[in-house]
Every structure is written in C-alpha cells, then in structure tokens.
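Coordinates in review
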Amino acid sequence: MPTGAGERLMFIDLLKAVGSQLIVLHHLAFYGPMSDWTHRLAPELVTWFSQDARMAVQVFLVVAGFLAARSLAPDGVPRTAPFLPQLGQRYMRTALPYIASLLVAMLCTELARRWMVHDSISAPPGLWQFVSHALLLHTLLDVDSLSAGVWYVAIDFQLYAVLLGLLWLARRQPAAMVWVHALVAMVVAASLLHFNRDSDWDSWALYFFGAYGLGALTYWTTHSDDAWRHGRWLLGALVVLTLAALAIDFRERIALALAVCLALACAQRQGWLFSWPRSRVVAYLSRISYAVFLLNFPIALVVNAWFTRFGAATTEAQTAGVLLAWLACNVAGALFHHAVEQPLDQLGRRRPKGVALSAR
C-alpha cells in the first residue's frame, strides 16, 4: 500500500505524460495551416487528434482532484489551516508560471503575425485582457483567450477553491470525514446530473466538478485499508450514480473520467500506483507536463507561421513541420520548466506556517 506522501506516483506520471502529449497533438491538429496538409496524408488520424484527443482534459481533471485530496486532506480529515492563505498559496504556484507563459505567448503571436495571416492568430491584447487572464477570471468574464488551453488553468483554480471551501465548511463538524465525503458527493451529483449537461456552465467549476470530485473521492476511499473498509460502499455508489447520469445523458467525457477513477482505485489498492511504470522518460514528461501545456500553442503557432512563409507547399514538408512543432513544444516546455517554472515554484512554496503545499 502507499507509503509517504513524498513518494513518486508512477501511474499518475504516466497519465500526465500521455495526457499532455495528447493535448499538444490536439492543438497541432486543430489549429494552424500545417495540419490541413497533414490531413491529406492521414485524414482519420488528424481528425481523431483534432476532435477526440482533447478528452485528455478529463484525465487531468480526475488526477487533479485525486492529488488535491491527497494534499489537502490526506486522511480525509480537513486541515485547520485558514482558507485564504491556502488558496493564495495555490494561486501563487499556479499563476506565476502561467503569467510568464502568457508573456511568451504574446511575443510568439506577434512573431507569427509577421509571417502569416490565419484565424488562429489572436488580435493584439489589451491591458484588461491580460489582467483578467492574470487574475484567472477570463473565462468568467468571457474575455477572448490569449492562448489555446489557458481556460483550463482558470477552471483548475476554481475547482481547487470549491474543494477547499467544502473542506473548510466541514472542518469543525463532528465526524468531519463523513461530512467531507457527503458534501463532495452532493456537488459531484449536482454536476453530473445537471451542470455538466448544460454547456452554458462550461466557464464555471460546477460544470467540471463531476470528474474532479470523483478523483478526490477515489483517493479518500482507497488510500488505506481502513478507508477502503468504510469507503468502498461510497465508491460503489458513485459508480452507480455516474452510470445513471450516463444513462440519462451519455457523455463520452464522463465515461472516460469514470474509467480513469476506476483505474486509479485499482492502482491505489493494488500498490502499482507507486511502482508502475518505472520509466525515467515518463517521469520526466510528467514533470514538464504543466510547462508543455502552457507553451505548446504559442510555440506551435510560430512553427506554423514559419513553415507557411518559408516552407515548401507540399504534404511532406508541412507534415515535417507538424513533427518539428511537436518536438519544439516539448523542448520549449523542458527549458521553461527548468528556467522559469521551478524557480517560480520555489517562490510559490513560501507560505504561512501550517499551510500545506498543494499538489498540481
């Protein structure tokens, strides 16, 4: 069974590594003119990356909930640390590298604008547009995005705030763990049965909390033998609830979230959450996954623009550009991780005494 909280979660490394690469390939297939050429060479593959690979977001939602539960209430019991300092520390760790990446994205967009005209290039940003992004409010305020995928950063912060708020509400109740499970399960049910079925809510955490809350509850019901004895019935009930929600309104993204939860539950109970796969490449891709996620669109945009301006107008040359862009996204993410994200992460870890570090 799991040991220390600092031990590496190898199976989650795999999920993050694969998920981040699928998001990169989705953006490469969905945005920019190079993929139009590649579509001629492999139409079914490009279509799948363009339309279906984005469901990897559900993997990140479940994993984020799982890790947040492990960090904030590892035994299912809320910590006594104040709400706002914990939320502020989370903002610092999430937003500092994100803001730095926005600056890179704006520079890349201006460079790409010199080489091509395409609808994937956003208009020059205004001050309010940048500020709303920096405050993680752009999705709520319906502000045009500065880069593809940055909506997820804002949603992730909202989800963390909701979970932290539920833990804070339950912290002084008798049998706090029971209250936590009940509150999170109720919000999961509301999300799956109502909010997630209405796309008008897709700028709000409640739309996504079904997957995120399932991840949190999966951790709390499987992290120890005692938790499993008392919580397996809750996990079973959540599976039934999710299947009922799918019977009412089938959504592939929710089916995938449930599958990831069940895989995490098996991994936790069987012990291979910490032991498989033993791969340095997977572990490294997991470590740089946030940086790759932040930078992949602007880097791919520049490569698209360069190949549009200077590359040969052939399927082979433009497909080579797609592969080069994929490599460039990972190299840029690795450089950003070491030169920017890690130093800023250390700054974000400075916190008031008693505030736990939050997982990302």
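Residues numbered from 1 in each chain as written. Predicted model: local features only at pLDDT ≥ 70, side-chain atom pairs only at ≥ 80, totals over all residues. Heavy atoms only, no water.

**Let's talk about the overall build of the protein**
Each helix and strand in the protein was counted, giving 14 helices and zero strands. Ordered by position in the sequence, the α and β elements of the protein form the string α-α-α-α-α-α-α-α-α-α-α-α-α-α. On C-alpha atoms alone, the protein measures out to a radius of gyration of 21 Å, which is about the 21 Å that the 2.2 N^0.38 rule sets for 360 residues. Projected onto the principal axes, the alpha-carbon positions of the protein cover approximately 65 × 40 × 40 Å. Buried residues in the protein amount to 53% of all 360 residues. Within the protein, residue pairs in contact and separated by at least 24 positions form 77% of the contacts whose partners lie at least 6 positions apart. Across the protein, the mean location of the 27 positive side-chain charges is 12 Å away from that of the 21 negative side-chain charges. (Helix = DSSP H or I, 4+ residues; strand = E, 2+ residues; numbered from the N terminus. Rg over C-alpha atoms; globule rule 2.2 N^0.38 Å. Buried < 20%, exposed > 50% of the residue type's maximum accessible area, 1.4 Å probe, protein only. Contact = heavy atoms within 4.5 Å. Lys, Arg positive; Asp, Glu negative; His and termini not counted. Charge placed at Lys NZ, Arg CZ, Asp CG, Glu CD.)

**Some details on helix H8 (residues 176-193)**
Compared with an ideal rise of 1.5 Å per residue, which puts 18 residues at 26 Å, H8 spans 26 Å between its outermost C-alpha atoms and is within 8% of the ideal. Looking at H8, one finds that the buried residues are Ala176, Val180, His181, Leu183, Val184, Ala185, Val187, Val188, Ala189, Ser191 and Leu192. Against the buried residues of H8 lie helix H7 (151-170), helix H9 (205-222), helix H10 (225-248) and helix H11 (252-270). (Expected span 1.5 Å × (residues − 1).)

**Thoughts on the state of the cysteines**
All told, the structure shown has zero disulfides when counted by the stated rule. The cysteine Cys108 is free of any disulfide, with Cys329 supplying the nearest cysteine sulfur at 9.8 Å. The buried category is assigned to Cys108, whose relative accessible area is 10%. Unpaired in terms of disulfides, Cys261 finds its nearest cysteine sulfur in Cys266, a separation of 11 Å. (Disulfide = S-S within 2.5 Å.)

**Re the nonpolar core**
It is characteristic of soluble globular proteins that their nonpolar side chains tend to be buried jointly. Grouped together as the largest cluster of nonpolar side chains are 99 residues, with contacts concentrated most on Leu163, Val184, Trp220, Leu264 and Leu273. Considering every element that reaches this core, the biggest residue donor is helix H4 (residues 56-72), with 13 residues. In this structure Val184 touches Leu163, Leu166, Phe209, Gly213, Leu217 and Trp220, once residues within four positions along its chain are discounted. Ala112, Met116, Ile121 and Phe297 belong to the second-largest nonpolar core, a separate cluster that totals seven residues. (Core = buried A, V, L, I, M, F, W, Y, C linked by side-chain atoms within 4.5 Å.)

**Describing the packing of aromatic side chains**
Following the criterion strictly, the structure yields 20 aromatic pairs and no others. Residues Trp201 and Trp204 carry aromatic rings whose centres are separated by 6.4 Å and whose planes lie at 65° to one another, so their mutual orientation is edge-to-face. The class for Trp204 is partly exposed, based on a relative accessible area of 42%. Three or more aromatic residues link up through ring pairs in this structure, and these residues are Phe60, Trp151, Tyr152, Tyr207, Phe208 and Phe293. Taking the ring centre of Trp37 as reference, the NZ or CZ of Arg40 above it sits at 4.3 Å. (Phe/Tyr/Trp six-rings, centres within 6.5 Å; stacked < 30°, edge-to-face > 60°. Lys NZ or Arg CZ within 6 Å of the ring centre and 35° of its normal.)

**What about the pattern of salt bridges?**
For the coordinates displayed, the defined rule picks out seven salt bridges. In this structure, Asp13 and Arg8 form a salt bridge, with 2.7 Å as the shortest nitrogen-oxygen distance. Accessibility expressed as a relative area gives 37% for Arg8, which makes it partly exposed. One salt bridge connects Asp225 with Arg269, and the closest N-O pair in it is separated by 2.9 Å. Within this pair, whereas Asp225 is found in helix H10, its partner Arg269 is found in helix H11, the two being separated by 44 residues in sequence. Given a relative accessible area of 41%, Asp225 falls into the partly exposed group. (Salt bridge = Lys/Arg side-chain N within 4 Å of Asp/Glu carboxyl O.)

**As for the packing of H7 against H8**
Between H7 and H8, the least distance of the axes is 9 Å, while the angle of their chain directions is 145°. Remark: the crossing between H7 and H8 carries right-handed chirality. For the pair H7 and H8, the contacting residues are Leu163, Leu166, Leu167, Leu169 and Ala170 in the first and Ala176, Trp179, Val180, Leu183, Val184 and Val187 in the second. In terms of residue class, the contact of H7 with H8 is made up of 11 nonpolar, no polar and no charged. (Axes fitted to C-alpha atoms, helices over the stretch in contact; angles between N-to-C directions. Left-handed = near helix turned anticlockwise from the far one by under 90°. Nonpolar A, V, L, I, M, F, W, Y, C, P; charged D, E, K, R; others polar.)

**A word on the side chain of Asp345**
Position of Asp345 among the secondary structure elements: in helix H14 (residues 315-348). Since its relative accessible area comes to 9%, Asp345 is described here as buried. A polar contact is formed between the side chain of Asp345 and the side chain of Arg93, at a distance of 2.8 Å. (Polar contact = N/O pair within 3.5 Å; in protein donor to acceptor, adjacent residues only side chain to side chain.)

**Some remarks on the confidence of the model for the protein**
Mean pLDDT over the protein: 90, with 94% of residues reaching 70 or higher. In this model, residues 352-359 is a region of pLDDT below 50 whose contacts with residues beyond four sequence positions or in other chains number 23 contacts. (pLDDT = per-residue confidence, 0-100.)

**Quick word on the side chain of His223**
Note that His223 resides in the loop between H9 and H10. When its relative accessible area of 13% is taken as the criterion, His223 is described as buried. A polar side-chain atom of His223 sits 3.4 Å from the main-chain carbonyl oxygen of Pro74.

**Structural notes on a nonpolar patch on the surface**
Together, Leu127, Trp128, Val131, Leu135, Leu137, Leu140, Leu141 and Trp204 make up a nonpolar patch on the protein surface, roughly 750 Å² of accessible area in all. In this structure, Leu135 sits in the loop between helix H6 (127-134) and H7. (Patch = residues over 30% accessible without salt bridge, like charges linked within 9 Å, V, L, I, M, F, W, Y side chains within 5 Å. Areas by Shrake-Rupley, 256 points an atom, 1.4 Å probe, with all protein chains shown as cover.)

**Observations regarding helix H5 (residues 83-115)**
For H5, with 33 residues, the first-to-last C-alpha span of 48 Å sits near the 48 Å given by 1.5 Å per residue. Of all the bends in H5, the greatest reaches close to 30° and is centred on Ala95; the proline Pro97 follows between one and four positions later. (Bend = angle between axes of the 7 residues up to and from the residue.)

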